[in-house]
Amino acid sequence: MPGRDSLSLIVQAARLYHEQNLRQPAIAARMHVSQSRVSRWLKEASEAGIIRTIVLAPEGVYPELEDAVREKYGLRHVIVVDAEDDEQSIMSALGGVAAGYLETTLTGDARVGISSWSETLLSTVNAMLPSPRKRAEHIVQVMGGIGRPEVQIKATQLTDRLARMTGAEPMFLPTPGLVSTVSARDALFDDPIVADTASEWRRLTVALFGIGSVTPSPLLRVSGNSISEEEMASLRELGAVGDVAMRFFDADGQLVQSELNSRVVGIGVEELRAIPRRVGIAGGARKLEAIRGAVRGGWIDVLITDVRTANGLVDGGPPHK
């Protein structure tokens, strides 16, 4: 604690600076001391506990909950958004926040991978505004389209829109996301356009993923789920709770060993895990178990979710093993 003879002056300087918003030169002139002395007094006031900084989070912001999820699962970053307890409201809220996150954090040299279309990714990209500056170098599709053939084009459209919003060059994967045989998958990767896009996967710096559950969303069900009910039942029997880019995992986040893995036209597990920043955008009660598996298994390291899901992640089960 400073000496009592100078304590009054230190408090005066601190109040002028923090309560009356005077700059240090103005404080120095008023108190007839040098600016360096004012700077030193403010530092001493902080060290002595005279000045205490308190951050008050506004309503609808959940820093303590975000910290709890991040620390429990070893994530890089967590954003929690308030939303009504229905899927449409959750998708809309997540999309708006995720769009803001991307607009803020993408740099001009980013190489961004985006998985096939999902409700959250559609909501995110639709909420983005065109940027006056370049936010990314390339937007790269990391898996083919899902659903009926006439619906699969939505994955290409999603990639194209994100490229336009970020000023990037799009790289498409004009294929279905799942084929019936390994030989069909191999033949697609022999195509020069597919091979060129696939060669970019190991250079990605960011990837955007929805997190799927073993209970298809109403949108995916209407659009024609590419996985048959028999295949989905088999995945559930093997312990699958969700997927990222059609790579299914169990409750502990471990890859489910299924023959389906060899028929996916998309980024491989090792390439996916090697991407430096993997952003998962998902929420809602139907996806809680899948999201927990995704963060336990390290499939994503940035999570954007809703407050109820975040509370469920904190309250339920052990963290990533």
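Residues numbered from 1 in each chain as written. Predicted model: local features only at pLDDT ≥ 70, side-chain atom pairs only at ≥ 80, totals over all residues. Heavy atoms only, no water.

Student: What exactly am I supposed to notice about the overall build of the protein chain here?
Tutor: Within the protein chain, the secondary structure is distributed over 14 helices and 10 strands. In summary, the protein chain has a C-alpha radius of gyration of 25 Å against a globular reference of 20 Å for 321 residues, an excess of more than 25%. In terms of principal-axis extent, the alpha carbons of the protein chain reach across some 85 × 40 × 30 Å. Counting all 321 residues of the protein chain, 49% fall into the buried class. Of all intrachain contacts in the protein chain linking residues separated by at least 6 positions in sequence, the fraction that spans at least 24 positions is 70%. Taken as a whole, the protein chain presents about 15300 Å² of accessible surface, with 51% of it coming from carbon and sulfur. With 35 positive and 40 negative side-chain charges, the protein chain shows a separation of 8 Å between the mean positions of the two kinds. (Helix = DSSP H or I, 4+ residues; strand = E, 2+ residues; numbered from the N terminus. Rg over C-alpha atoms; globule rule 2.2 N^0.38 Å. Buried < 20%, exposed > 50% of the residue type's maximum accessible area, 1.4 Å probe, protein only. Contact = heavy atoms within 4.5 Å. Areas by Shrake-Rupley, 256 points an atom, 1.4 Å probe, with all protein chains shown as cover. Lys, Arg positive; Asp, Glu negative; His and termini not counted. Charge placed at Lys NZ, Arg CZ, Asp CG, Glu CD.)

Student: So what exactly am I meant to see when it comes to the nonpolar core here?
Tutor: Where a protein is soluble and globular, its nonpolar side chains tend to be buried together. One finds V69, W201, L208, I211, V244 and F248 to be the most contacted residues of the largest nonpolar core, which totals 85 residues. At eight residues, the largest contribution of residues to this core is made by helix 5 (residues 87–105). Listed in part, the 12 residues of the second largest apolar core include A13, A28, W41 and I51. (Core = buried A, V, L, I, M, F, W, Y, C linked by side-chain atoms within 4.5 Å.)

Student: Is there a simple way to explain the side chain of T197 in this structure?
Tutor: If you trace the backbone, T197 turns up in helix 9 (residues 192–199). Those residues in contact with T197, other than ones at most four positions away along the chain, are V140, Q141, M171, F172 and L173.

Student: What's the story with the pattern of salt bridges in this structure? I'm lost.
Tutor: Pairing between side chains of opposite charge can happen when the charged atoms of each approach one another. Using the criterion set out here, one finds 13 salt bridges in the structure. Where R164 meets D160, a salt bridge forms, and the shortest distance between an N and an O atom there is 3.1 Å. Remark: D160 and R164 occur in helix 7 (residues 149–166); sequence separation between them is four residues, near one turn of the helix. Between R236 and E229 there is a salt bridge; the shortest N-O distance is 2.6 Å. Judged by relative accessible area, R236 falls into the partly exposed class, the value being 36%. Three or more residues joined by partner-sharing salt bridges are found here, namely D67, R70 and E71. (Salt bridge = Lys/Arg side-chain N within 4 Å of Asp/Glu carboxyl O.)

Student: How should I be thinking about the side chain of T124 in this particular structure?
Tutor: Relative to the elements of secondary structure, T124 occurs in helix 6 (residues 119–127). On the accessibility criterion, T124 (1% relative accessible area) is buried. Side-chain polar atoms of T124 contact the backbone oxygen of T120, separated by 2.8 Å. (Polar contact = N/O pair within 3.5 Å; in protein donor to acceptor, adjacent residues only side chain to side chain.)

Student: Hey, could you run me through the sheet that holds strand 4 (residues 169–171) in this one?
Tutor: Each strand in a sheet pairs with another by means of backbone hydrogen bonds, the pair being arranged parallel or else antiparallel. In space, the seven strands of this open sheet follow the order 1-10-9-5-2-3-4, with parallel pairing throughout. Because the sheet does not close on itself, it has two edges, and the strands there are strand 1 (77–81) and strand 4. Going across the sheet, the axis of each strand differs from the next one's by a mean of 15 degrees, ignoring polarity. Summarising the sheet, strand 5 (residues 206–209) and strand 9 (residues 277–281) pair through four bridges and their orientation is parallel. Note that in strand 9 the partner of A207 across the bridge is R278. Packed on one face of the sheet, helix 5 meets strand 1, strand 5, strand 9 and strand 10 (302–306) and runs near 150 degrees to strand 10. Set on the sheet, helix 14 (residues 307–315) makes contact with strand 1 and strand 10; between it and strand 10 the angle comes to about 115 degrees. (Pairing = 2+ DSSP bridges. Axes fitted to C-alpha atoms, helices over the stretch in contact; angles between N-to-C directions.)

Student: Mind showing me how you'd approach helix 5 here?
Tutor: Think of an α-helix as 3.6 residues a turn; residues three or four steps apart then line up on the same face. Between the first and last C-alpha of helix 5 there are 26 Å, a value that for 19 residues agrees with the 27 Å anticipated at 1.5 Å per step. Taken together, the buried positions of helix 5 are occupied by I90, M91, A93, L94, G95, A98, A99, Y101 and L102. On its buried face, helix 5 sits against strand 1, helix 6, strand 5, strand 9 and strand 10. (Expected span 1.5 Å × (residues − 1).)

Student: When you look at the sheet that holds strand 7 (residues 240–244) in this model, what are you seeing that I'm missing?
Tutor: Overall, antiparallel pairing links the three strands, which are arranged 6-7-8 in an open sheet. The strands lining the two open edges of the sheet, one partner per strand, are strand 6 (212–213) and strand 8 (247–250). The sheet contact formed by strand 6 and strand 7 spans two bridges and is antiparallel. Following the sheet pairing, G212 is matched in strand 7 by D243.

Student: I keep staring at the packing of aromatic side chains and nothing clicks. Help me out?
Tutor: The description of two aromatic rings rests on the distance between their centres and on the angle between their planes. Enumeration according to the criterion identifies two aromatic pairs in this entry. Judged by centre distance (6.1 Å) and plane angle (80 degrees), the rings of F189 and W201 are edge-to-face. One end of the pair, F189, is in helix 8 (residues 182–189); the other, W201, is in the loop between helix 9 and strand 5, and 12 residues separate them in sequence. Take W201: its relative accessible area is 2%, and that puts it in the buried class. Over the aromatic face of W299 sits the side chain of R273, whose NZ or CZ is 4.2 Å from the ring centroid. (Phe/Tyr/Trp six-rings, centres within 6.5 Å; stacked < 30°, edge-to-face > 60°. Lys NZ or Arg CZ within 6 Å of the ring centre and 35° of its normal.)

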